[in-house]
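Structural description and commentary
The primary structure of each chain is shown beneath.
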Amino acid sequence: MDECQSAIPAHDGDLHVVAAAHHIVKALGTTKNLSDDLRKILIDLDAHLSLITSNIDSKGGKGFVEVEERLKRVERKIVIWESDRIMIWDSGPKEVSDYLEAVDEVQTLIDSLRGLSMNENQKQKELLHRASSLLQMAMSRLEEELIHMLVKHKQQSEPTYMPSPSSQRNVVYSESVVSLDNESAKEASSKSSRSDECGEYIVDLVPEHVIPDIKSIAKVMFASDYGQEFCEAFIGVRKEALEQHFDILENGKMSIEDVLKMEWCSLSTEMNKWTWSMKIIFRVYLMSEKRLCDQVLGEFGSVNSFCFLEIAKTTILCLLNFGEAIAMGPQEPEKLLRLLDMYETLADLVLDIDALFSEDGGSFVRLEFHKLLEGLADSVKAAFNTFRVAVSSNGSLYPFPGGGVHPLSKYVMNYISMFPDYSTTLNLLLEDQHSDVASLVSEPQCGPTASLSTSCPMACHLRSITSSLESNLHKKSKLYKDEALQHIFLMNNLHYMVQKVKGSELRPFFGDEWIRKHNAKFQQHEMNYERVTWSSVVLLLKDDNPGSSSLSKSAFKEKCKGFSIAFEEVYKNQTSWCIPDPQLREDLRISTSLKVVHAYRTFLGRNPAHVDDKCIKHTVEDVEKLLLDLFEGSPRSLRNSRRMMKT
Amino acid sequence: MPATDYQASFLGRISIRRNQVIAMDGNHEQELQDLELFSKHVSERFAELLSSPDDIPCHALLSISWLRKLLDFFLCCEAEFKGVLMMGNDPSQISKPPLDRLIPEFLDRSVKALDVCNAVTNGLESVRHYQKLAEIVVSALEQKPIGDGQSRRAKKALTSLMSAMNVDDKECSAAKATERSWSFSRRGVSSKDRVPEHFRSVSNQVAKNWSAAKQIQAMTNNLVPPRGAEGSGLASPVYTMSVIMVFVMWALVAAIPCQERNGLSAIHFPAPKQLNWAQSIIGLHEKIGEEWKKKEKKGTAGLLDEMQKMEKLGNILMDFTDSFQFHGDITDQKAEEAAARSVELAETCRRMEEGLLPLQIQIREVFHRIVKTRTELLNALDQVGKSSPPLL
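Note that the structure is a prediction, hence the values are computed from the model and not measured.

1. Some remarks on the overall build of chain B
Across its full length, chain B holds 11 helices and zero strands. Along chain B, helices and strands appear, N-terminal first, in the series α-α-α-α-α-α-α-α-α-α-α. Residue pairs in contact within chain B that sit at least 24 positions apart in sequence constitute 81% of those at least 6 positions apart. Accessible surface, chain B: about 16,500 Å² in total, of which carbon and sulfur atoms supply 54%.

Here you go:
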């Protein structure tokens, strides 16, 4: 502004130059399609020239006549709105541009008045005060307009396309190793949240047509040095809007103490909600908020990132704290899948978070989320380990009735069949514990020659878990007094494991070699069962003297009786046993039938002379039929059934 | 206050301790020495905090830099405490009486402290908002000459500042929600200075019915000095650390806007005066408690020195702007006075600008440290539990 002062002419002759320049400026100002910047420069120049003129005019005390006139004109334009209760921006574009022009003019006048030397000129001082008051009035008004505008338009921005989280609210993995139950595990914890990834959905938090209005207010307020007021108002409304969105996501605000005390069922729901909210808040709301800030404040430098951080911080802290509470809680095995969800969600978002908070001020946020990610990774590992420990240490005091598929097998197999969905993450997190486990599982799949899918860390861990399960099942089998039932139990459970592996995405991780080996294992138990149960029975029918053609009647009778008693004993016992898989049951019956019925038929066939009702309690057909009652899990006794057959 | 000073002294202390740990052979005498050293350090540190000169603003009691020092000391004590408790000692000790009862109680307190940390972190967001409003006041008043426009601008920001501080104090609960509703219409507003628009305050970060005062009260549950033979064993550092933790949390809540603080001054923790290390803490507790009682009646957003200064300067400047509007102009003397106050306010804002974020980060550090120690103690308990014969 020094140039302006020095430019004040001393000679009357210069006055003409000034007048001429003024004239030219005014003429240029009427030109259409000038750029905004240029027009502003011309207006400023115009103001300066007129001030110079008036200053020269006012030699002697009075003066500033034109300035005062202009001030009076804009004063009217600004003050008139003070009594009006309608918002300017609701009134129409003409009103808006008039008002903005008036504010511009006030600012120009202030700049010019300030630019002149302040020779204790009372008039100049008074005019400056008046102009500043006017500016304050206008700024106050603009702030109000801004808030009104932001509030009025924020409600319309509810994104409607997002699936509501309520669809997955019921998806709760409510079981735990402690309360082993049944098959419900599989459908209960399907990874519902993965399918409906929300991706990057930037929405208009404020309708697009309002942005230029907000921007025009920002421009004027920043130009008049009222940027702070603009920011506080902007932050205030946007922050509250974000918090409202956050509330809609129904994140119960909980203390860490509450989270640690929470029942698993509700905790699981909250963990799901967190996963969901993280995605929505970061991908949708914060991304959109960032864009809004960029649009409105992009040209004002660091103010932009400052405002964004202020808007986002409290909501972010809330999400962060729940994550921390989960990461510090006890890592029970049932938490594993939810923890994996949380970990994967955050791992997915962490780059976005880095980008959103790339400025210095945001380093706090970046750092905290990276820390949380590490914490969640540790939690996943811890939960995985407790799961493994739980599998091998789950103890029973009593044998599982009927020798069927133990709930532990069901739980473990159903649970791990969910792991392939998380294989990338699990491979990453289990990497460092890989070598320990790989040496534990001394199977060829873990060797260097194995295929990638069977040698990855997760595959080795999975097989180590199933081998823990196997040894636990062996322990459990020892609870049966009957050796045959031990084999039935192991056969059932091993068969179940193989079926689960074959019929799920687990297969590539276990490999054909594993399946072959375990097929052989359960078949071995099948054979052992037959041997233990039937060998002695069949032995009763064995021909003592292979040379002679037939037995004496009494010997025949004796053998028949012995067979009947033995058979009835087996029947009584094994009808209560259980083979849940129909195919397996069928196979075992056939091979039993082959062995027993065949031996019986041969025995009877060799002694046609003695075959009559009196000594043969069961016909071959009876035996064949009765064998079908075995392994149905409903105890029967032949005393009753036989009487019924007879009558 | 350069934070590195504390950092250096902290590391120094740790390395001294390391040497001691290496040197000691785990006998009881060494343990006693360790305990003595621990309580000696505690008493030294808190004596330093107590003797902080009130007249130097950047060291005043409950100023930002004082709080940072407090947290630094907390971290030091915590590290030493963990050393005493877990290094070199027979780990099975923590599962034997009386520690089998004291450690779980300590962990319970830790969790409560974490929630306090979160509430305070959130409260600092409000303080930051005050700072921004005060900065507007400063911007308005540093203009020369101060005219009606500047005075109005300052007054508007001051009004927002004062009511924001008041709202936060009147508890960040339901009552506030209606007050800060944005959807004011222009109809109700007739005065020339409209309702201050930028009401912004603590949103409930923690659970709805959560109360900082109750939380701290609960932390003092079962907090009794060890008696008799217990007094010479590990029960005593657990007690000491608990008192430190309760005190630090209590001081933070007193200083910084926080959810529900009714009854804060009524909390007293039983730290017997005859315990050497406790004297300074008791002294500080009494001093801050007095302050709180004085302010409790008037209502304040918190005892943070910078905030109190802000409030005081705010009141003076408010008077100034009022008289400005009443008289239309102001004497030079008054203008100078206002300018001087505004310079002070600017200085306060500067201290906040420099200190608030580091303070927030430090509270986060305390948070993470408490979590870490808790995890380590739980793991240690777990290990001990595993090595003992199973109950079945």
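2. Some words on the layout of surface pockets
In this structure, the largest pocket spans a volume of roughly 1,100 Å³. Lining the largest pocket are 29 residues, and of these Ala327, Gln331 and Ala382 of chain A together with Thr375 and Asn379 of chain B sit closest to its centre. Broken down by class, the residue content of the lining of the largest pocket amounts to eight nonpolar, 10 polar and 11 charged. Taken together, 26 residues make up the lining of the second largest pocket; nearest its centre are Lys40, Ile43, Leu100, Glu101 and Asp104 of chain A. Elements represented by at least two residues in the lining of the second largest pocket include exactly α3 (36–57), α4 (65–79), α6 (93–115) and α10 (211–223) of chain A.

3. Considering the nonpolar core
Phe230, Phe282 and Phe419 of chain A together with Phe247 and Met249 of chain B are the most contacted members of the largest nonpolar core, which has 292 residues in total. Considering every element that reaches this core, the biggest residue donor is helix α4 (residues 99–141) of chain B, with 22 residues. Those residues in contact with phenylalanine 230 of chain A, other than ones at most four positions away along the chain, are Leu146, Ile214, Ile217, Ala218, Met221, Phe222, Val296 and Leu297 of chain A. Counting residues in each nonpolar core, the second largest holds five residues, with Val18, Leu34, Leu42 and Leu49 of chain A among its members.

4. Looking at the interface of chain A and chain B
At the junction of the two partners, chain A supplies 51 residues and chain B supplies 53 residues. For the pairing of chain A and chain B, the buried interface totals around 4,800 Å² over both sides, and the portion due to carbon and sulfur atoms is 51%. On the surface where chain A and chain B come into contact, there are six salt bridges. Where the side of chain A that touches chain B is concerned, the elements lending two or more residues are α7 (122–154), α11 (227–248), α12 (256–261), α14 (303–328) and α16 (363–393) of chain A. When residues of the side of chain A that touches chain B are assigned to their parent elements, the largest contribution, 12 residues, is made by α7 of chain A. In the side of chain A that touches chain B, the residues fall into 20 nonpolar, 10 polar and 21 charged.

5. Re the environment of leucine 630 of chain A
Mapped onto the fold, leucine 630 of chain A is located in the loop between α26 (620–627) and α27 (638–646). Residues leucine 630 of chain A and tyrosine 496 of chain A lie 134 residues apart in sequence; the distance between their C-alpha atoms is 19 Å.

6. Looking at a positive patch on the surface
Taken together, Lys72, Arg73, Arg76 and Lys77 of chain A make up a surface patch of like positive charges. For arginine 73 of chain A, the position within the fold is in helix α4.

7. Structural notes on unusual backbone geometry
Omega for the bond connecting proline 97 of chain B with proline 98 of chain B falls within 30 degrees of zero, at 0°, which places this linkage in the cis form. Tracing the chain through its elements places proline 98 of chain B in the loop between α3 (64–86) and α4. The backbone phi angle of phenylalanine 631 of chain A is positive, close to 60°, even though this residue is not glycine. Turning to its location among the elements, phenylalanine 631 of chain A is positioned in the loop between α26 and α27.

The rules we used
- Residues numbered from 1 in each chain as written.
- Chains lettered and ligands numbered in written order.
- Predicted model: local features only at pLDDT ≥ 70, side-chain atom pairs only at ≥ 80, totals over all residues.
- Heavy atoms only, no water.
- Helix = DSSP H or I, 4+ residues; strand = E, 2+ residues; numbered from the N terminus.
- Contact = heavy atoms within 4.5 Å.
- Areas by Shrake-Rupley, 256 points an atom, 1.4 Å probe, with all protein chains shown as cover.
- 1 Å grid on protein atoms, 1.4 Å probe; cavity = no way out; pocket = protein on both sides within 12 Å on 5 of 7 lines; lining within 4 Å.
- Points joined across faces, edges and corners; volume = space filled by probe spheres on them.
- Nonpolar A, V, L, I, M, F, W, Y, C, P; charged D, E, K, R; others polar.
- Core = buried A, V, L, I, M, F, W, Y, C linked by side-chain atoms within 4.5 Å.
- Buried < 20%, exposed > 50% of the residue type's maximum accessible area, 1.4 Å probe, protein only.
- Buried area = accessible area lost by both parts, 1.4 Å probe.
- Salt bridge = Lys/Arg side-chain N within 4 Å of Asp/Glu carboxyl O.
- Patch = residues over 30% accessible without salt bridge, like charges linked within 9 Å, V, L, I, M, F, W, Y side chains within 5 Å.
- Lys, Arg positive; Asp, Glu negative; His and termini not counted.
- Charge placed at Lys NZ, Arg CZ, Asp CG, Glu CD.

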